[in-house]
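# Descriptive analysis of the structure
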Amino acid sequence: MNILLWHVHGSWTTAFVQGPHSYLVPVTPDRGPDGRGRARTFSWPASVREVPPAELRDAPVDLVVLQRPHEERLATEWLGGRRPGRDVPAVYVEHNTPRGDVPLSRHPVADRPDLTLVHVTHFNRLLWDNGTTRTAVVEHGIVDPGHRYTGHLPRAAVVVNEPVRRDRFVGTDLLPALAEAAPLDVFGMRTEGLAAHLGLPEDRCRTADLPQARLHDAMAERRFYLHPIRWTSLGLSLLEAMHLGMPVVVLATTEAVEAVPPGAGTLSTRPEELARAARHYLAEPEAAAADGARARQAALERYGLKRFLDDWERLITEAC
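Not measured: the values here are computed from a predicted model.

Moving on: the packing of helix H11 (residues 271-283) against helix H12 (residues 285-303). It is at 5 Å that the axes of H11 and H12 come closest, and there the two elements cross at 110 degrees. Put simply, H11 runs roughly perpendicular to H12. Between H11 and H12, the residues in contact are His280, Tyr281, Leu282 and Ala283 and Pro285, Ala287, Ala288 and Asp291, respectively.

With that settled, consider helix H13 (residues 305-319). For H13, built from 15 residues, the straight-helix expectation of 21 Å at 1.5 Å per residue is met to within 8% by its first-to-last C-alpha distance of 21 Å. Looking only at H13, the buried set comprises Phe308, Leu309, Asp311, Trp312, Leu315 and Ile316. Relative to the axis of H13, the buried residues are bounded by an arc of 160 degrees and lie together on one face. Opposite the packed face of H13, turned more than 90 degrees from it, sit the exposed residues Lys306, Thr317 and Glu318. If you follow the buried residues of H13, they end up packed against strand S1 (2-5), helix H1 (10-16), strand S4 (63-66), strand S5 (90-94), strand S6 (116-119) and strand S7 (134-137).

Attention now moves to the pattern of salt bridges. Under the criterion given, the structure shown has 28 salt bridges. The partner of Arg168 in a salt bridge is Asp173, and the shortest N-O contact between them spans 3.5 Å. You can call Asp173 partly exposed: its relative accessible area is 31%. A salt bridge links Arg302 to Glu258, with the nearest nitrogen and oxygen atoms 3.5 Å apart. Of this pair, Arg302 sits in helix H12 while Glu258 sits in helix H10 (residues 256-259), and the two are 44 residues apart along the sequence. Several salt bridges converge on common partners, so that one network encompasses Arg155, Asp185, Arg206, Glu221 and Arg222.

What follows covers unusual backbone geometry. Cis geometry marks the peptide bond from Val102 to Pro103; its omega dihedral reads 5 degrees. For Pro103, the position within the fold is in the loop between S5 and S6. Although it is not a glycine, Asp111 adopts a positive phi angle of roughly 60 degrees. Along the chain, Asp111 falls in the loop between S5 and S6.

Taken in spatial order, the 7 strands of this open sheet run S3-S2-S1-S4-S5-S6-S7, and their pairing is parallel. Whereas interior strands pair on both sides, the edge strands pair on one side only; in this sheet they are strand S3 (48-51) and S7. Direction aside, neighbouring strands of the sheet carry axes that sit 25 degrees apart on average. The sheet strands contacting H13 are S1, S4, S5, S6 and S7, and the helix crosses S5 at an angle near 140 degrees.

Here we take up the sheet that holds strand S8 (residues 153-159). With respect to topology, 6 strands assemble into an open sheet ordered S10-S9-S8-S11-S12-S13, the strand pairing being parallel. Two strands close off the open sheet at either side, each with one partner strand: strand S10 (205-208) and strand S13 (265-268). Averaged over all neighbouring strand pairs, the angle between strand axes comes to 20 degrees, with direction disregarded. Across 4 bridges, S8 lies against strand S9 (residues 184-187) in parallel orientation. Across the sheet, the residue bridging to Ala156 is Leu184, located in S9.

What follows concerns the environment of Ser43. Within the secondary structure layout, Ser43 lies in the loop between strand S2 (22-26) and S3. Relative accessible area serves as the criterion here: at 60%, Ser43 is assigned to the exposed category. Measuring from C-alpha to C-alpha, the distance between Ser43 and Ala15 comes to 9.9 Å, with 28 residues separating the pair along the chain. Beyond its immediate sequence surroundings of up to four residues, Ser43 is in contact with Thr14 and Gln18.

With that settled, consider H12. Its 19 residues give H12 an end-to-end C-alpha distance of 26 Å, which sits within 8% of 27 Å, the value for a rise of 1.5 Å per residue. When we look at burial in H12, the residues that qualify are Ala288, Asp291, Gly292, Ala295, Arg296, Ala298, Ala299 and Tyr303. Each element contacted by the buried residues of H12 is listed here: strand S11 (222-227), helix H9 (236-244), H10, S13, H11 and H13.

So, on to the packing of aromatic side chains. For the structure shown, the criterion picks out 8 aromatic pairs. Between Trp12 and Trp312 the ring centres are 6.1 Å apart and the planes differ by 75 degrees, which places this aromatic pair in the edge-to-face class. A residue pair is termed long-range when its members are at least 10 positions apart, and Trp12 in helix H1 and Trp312 in helix H13 qualify at 300 residues. Each member of the pair, Trp12 as well as Trp312, carries the same accessibility label: buried. A network of ring pairs unites the aromatic residues Trp12, Phe16, Tyr23, Phe308 and Trp312 as a single cluster. Between Arg99 and the ring centre of Phe169, over which it is positioned, the NZ or CZ distance is 4.1 Å.

Cut-off values and rules
Residues numbered from 1 in each chain as written. Predicted model: local features only at pLDDT ≥ 70, side-chain atom pairs only at ≥ 80, totals over all residues. Heavy atoms only, no water. Axes fitted to C-alpha atoms, helices over the stretch in contact; angles between N-to-C directions. Helix = DSSP H or I, 4+ residues; strand = E, 2+ residues; numbered from the N terminus. Parallel < 35°, antiparallel > 145°, perpendicular 65-115°, else oblique. Contact = heavy atoms within 4.5 Å. Expected span 1.5 Å × (residues − 1). Buried < 20%, exposed > 50% of the residue type's maximum accessible area, 1.4 Å probe, protein only. Arc of directions from axis to C-beta. Salt bridge = Lys/Arg side-chain N within 4 Å of Asp/Glu carboxyl O. Pairing = 2+ DSSP bridges. Phe/Tyr/Trp six-rings, centres within 6.5 Å; stacked < 30°, edge-to-face > 60°. Lys NZ or Arg CZ within 6 Å of the ring centre and 35° of its normal.

Structure below.
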């Protein structure tokens with residue numbers, strides 16, 4: 001099949017395009033949010049093809065994967081009037097937890113008999129008001145980076161984009177207290193200046209923005225992975241850390257409570273308990289490695305790529 005989708009979330013798309021189809025990704029001259037084209041920091045197969053909007057008018061498209069409300073309008077315009085869900089099969093993938101009047105948040109495609117609304121976690125489906133739109137859950141899948149964990153650096157790895165702007169949503173305000181328990185290496189886009197923003201010495205809160213391959217190696221060198229996220233969907237960086245064989249210290253919110261089983265790390269809604277776990281892993285590297293091995297096994301079983309692609313194949317077959 002020819003599947004049209006926008007490059008919105010690099011990590012999720014990296015897993016999705018490992019399937020057996022051809023993937024048409026819009027590209028615009030400015031490579032802006034509606035035309036990023038192929039990823040530059042992720043490894044995508046040759047089956048992902050950049051397509052300028054003008055070439056989509058007559059392109060054979062078997063399925064449209066919508067991920068943002070305005071993409072339905074763009075697709076209709078760029079496909080020469082063919083409407084997703086009516087003239088060409090379509091699904092809407094919701095990556096995010098609802099914002100605003102939770103739990104009364106009404107989804108933008110609620111009450112749409114022509115679409116399937118696909119949530120990436122059961123928590124998201126539960127919290128969104130989906131109306132009468134058919135819903136499904138396809139949990140994340142990860143391209144296995146391999147068991148790379150060494151943990152030889154007694155520091156915590158944190159992966160988050162824009163921690164200053166997103167602040168309480170991603171637990172940025174929790175980092176100063178946690179940095180007292182373990183020095184932090186915060187990886188992600190627009191992390192520069194974080195230490196100064198938090199009033200931390202640079203050696204307690206270092207930052208870097210690395211491409212995925214280098215990021216995985218850097219994460220695996222740290223003693224444990226810290227996930228202080230309050231209110232976002234299940235972070236793929238958490239699942240990648242578990243795949244790497246890292247023990248995880250995780251704020252027990254949203255879908256994280258389903259993703260991290262006993263023995264793979266520490267889950268708690270109490271930041272002081274996360275700090276205790278951080279100190280434990282710094283002092284006990286063998287215990288950290290053992291918990292990391294269990295985290296990897298759990299992630300492979302629940303969030304493996306084959307299961308993810310099989311689930312999507314079944315859903316695509318139904319939608320088309």
